[in-house]
Structure formats: C-alpha cells, structure tokens
Amino acid sequence: AQSVTQPDIHITVSEGASLELRCNYSYGATPYLFWYVQSPGQGLQLLLKYFSGDTLVQGIKGFEAEFKRSQSSFNLRKPSVHWSDAAEYFCAVARENAGNMLTFGGGTRLMVKP
Amino acid sequence: KAGVTQTPRYLIKTRGQQVTLSCSPISGHRSVSWYQQTPGQGLQFLFEYFSETQRNKGNFPGRFSGRQFSNSRSEMNVSTLELGDSALYLCASSTGGTVEQFFGPGTRLTVL
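Criteria and thresholds
Residues numbered from 1 in each chain as written. Chains lettered and ligands numbered in written order. Predicted model: local features only at pLDDT ≥ 70, side-chain atom pairs only at ≥ 80, totals over all residues. Heavy atoms only, no water. Contact = heavy atoms within 4.5 Å. Buried area = accessible area lost by both parts, 1.4 Å probe. Salt bridge = Lys/Arg side-chain N within 4 Å of Asp/Glu carboxyl O. Polar contact = N/O pair within 3.5 Å; in protein donor to acceptor, adjacent residues only side chain to side chain. Helix = DSSP H or I, 4+ residues; strand = E, 2+ residues; numbered from the N terminus. Nonpolar A, V, L, I, M, F, W, Y, C, P; charged D, E, K, R; others polar. Phe/Tyr/Trp six-rings, centres within 6.5 Å; stacked < 30°, edge-to-face > 60°. Buried < 20%, exposed > 50% of the residue type's maximum accessible area, 1.4 Å probe, protein only. Lys NZ or Arg CZ within 6 Å of the ring centre and 35° of its normal.

Now for the interface of chain B and chain A. How big an interface is tends to be expressed through the accessible area that disappears when the partners come together. With 21 residues of chain B at the contact, the number on the chain A side is 19 residues. Together chain B and chain A conceal approximately 1,600 Å² of surface at their shared face, both sides included; 56% is due to carbon and sulfur atoms. Three residues, Leu43, Val99 and Phe103 of chain B, lead the burial of chain B against chain A; their summed loss comes to 37% of the area buried on that side. One can count one salt bridge joining chain B with chain A. On the surface where chain B and chain A come into contact, there are four residue pairs in polar contact (both at pLDDT 80 or more). Those elements that provide at least two residues to the side of chain B that touches chain A are β4 (31–38), β5 (42–50), β6 (53–57) and β9 (87–94) of chain B. If you tally residues by element for the side of chain B that touches chain A, the top one is β4 of chain B, at four residues. For the side of chain B that touches chain A, the residue count by class is eight nonpolar, nine polar and four charged.

With that settled, the discussion passes to the packing of aromatic side chains. Per the stated rule, a full pass over the model turns up 16 aromatic pairs over all chains. Between the aromatic rings of tyrosine 50 of chain A and phenylalanine 74 of chain A, the centroid separation amounts to 6.4 Å while the plane-to-plane angle is 45 degrees, which identifies the pairing as tilted. Taken together, the residues span a long stretch of sequence, with tyrosine 50 of chain A in strand β6 (residues 44–50) and phenylalanine 74 of chain A in strand β9 (residues 73–78) at a distance of 24 residues. Here the aromatic rings of phenylalanine 90 of chain A and phenylalanine 104 of chain A are separated by 6.3 Å at their centres, their planes lie at 90 degrees, and the arrangement is edge-to-face. Here phenylalanine 90 of chain A, found in strand β10 (residues 87–94), pairs with phenylalanine 104 of chain A, found in strand β11 (residues 103–104); they are 14 residues apart in sequence, far enough to count as distant. The exposure classification of phenylalanine 90 of chain A matches that of phenylalanine 104 of chain A, with both residues buried. The rings of Tyr32, Phe34, Tyr36, Phe51, Phe90 and Phe104 of chain A together with Tyr35, Phe45 and Phe103 of chain B are connected pair by pair, giving a single aromatic cluster. Over the face of the ring belonging to phenylalanine 50 of chain B we find arginine 55 of chain B, whose NZ or CZ atom lies 4.4 Å from the ring centre.

Structure (structure tokens):
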C-alpha cells in the first residue's frame, strides 16, 4: 500500500524568506503526486500536480515542486513567502488506474512571521 | 462555474443517531469522493462514486455508506454515530477520467 510522509509537522518562516516543505512517498511505481493547501475552516485547494514528464512542476500562488524518483520525494518550494501563505499543506499520492483514491500525508502547518 | 458544495456545513448529533451529508459536484463532474479529516488520523479516504457506482472504498466500517444519484450528487450516511465520528467530512469531485479532484468546504460533524 502506498504511504506519504511529511516529516515536518510545523514550520515557521519569516515573510519574504524562501520555503521548502518536504514530502516522501512509498509506492512501487510512478505515482500521481499532489500538493494541496487548506486554510482554517476551509476545504482543500490544489496547488500543483505531477503525473509524468518534466519533474519540476509549477503551480498556483508561485509554488513549485520537484519530483525526485531516486529519493521518492516531491518537495514543495516557494522563493518568497507571503503572510497569506500561512495555512496547512498536504502532500498526496494516487495510483495509476485506481480511480480517485488519494492517500494524504499528515500535513505541515506553516506559520509566517512578519 | 460553481464549485463543489456541501450541506449542511455544520451538524451536531448525539451518539447512536444517524446522519446524512450531501455533496453537489462541479457541473459535468461524474466522480465524487468522500474523505474524513480528524486531528488524530488526518485525511482518510472513505469511498468514491462514479456514474452511480462505488468505484473505490477505504477502510471504514459498514456504518459508513454512500450513494450517488443520476445527476452526480452524492450523499454519505453514517449510522449509529460514535464520538470518534466527529470530524470534518470533505467531498471532492472530478471528471472521472483524471485524479485531479476539487474539494468542497466540508461538513463539520460533532457527535456528543
């Protein structure tokens, strides 16, 4: 069975600083990979996705992520964090031909210092 | 295009009762998935419906059930509620041909 690990439960960065959120997955083949963001009391918003092809994917709100097969990682990055980026971030994986069953990591809560 | 809508947004029930939650997908989307989010267990997949048929099922007891109607709207039902069923229940829709899912705002269920 696939699994997703987000090693950092909480991260605090200063506004304007760069950000990297870690995500490691366990799955035998190439998975479909996603990053979602959740603001308090809200549902999940898709930031970006990787299905195949270029391993560096661009998403909304200035986020990007890089798929590294050798490290089973799909880390999320942003060069300059804004106060409005404070939220919880979830990495998720889905299997090819397995319908829409997403397996989520435990999430990373991002706090942004002014 | 309107997003995924879930009703009600908040619900309070007592142990032993049953509850029905509703989800209306984005127009044209034929797949609806349900997830449970709790502080202890995180986000867990409940089930997926596609064209009125359950296509995938997570590891939840039979007290959790769902269905999908011909207009793609979906309901999930939880019978004999337990305190541990208190959670945010999220619904997500997709076209069915891709795993890219769009989530609704969720229904916050509190079991007393």
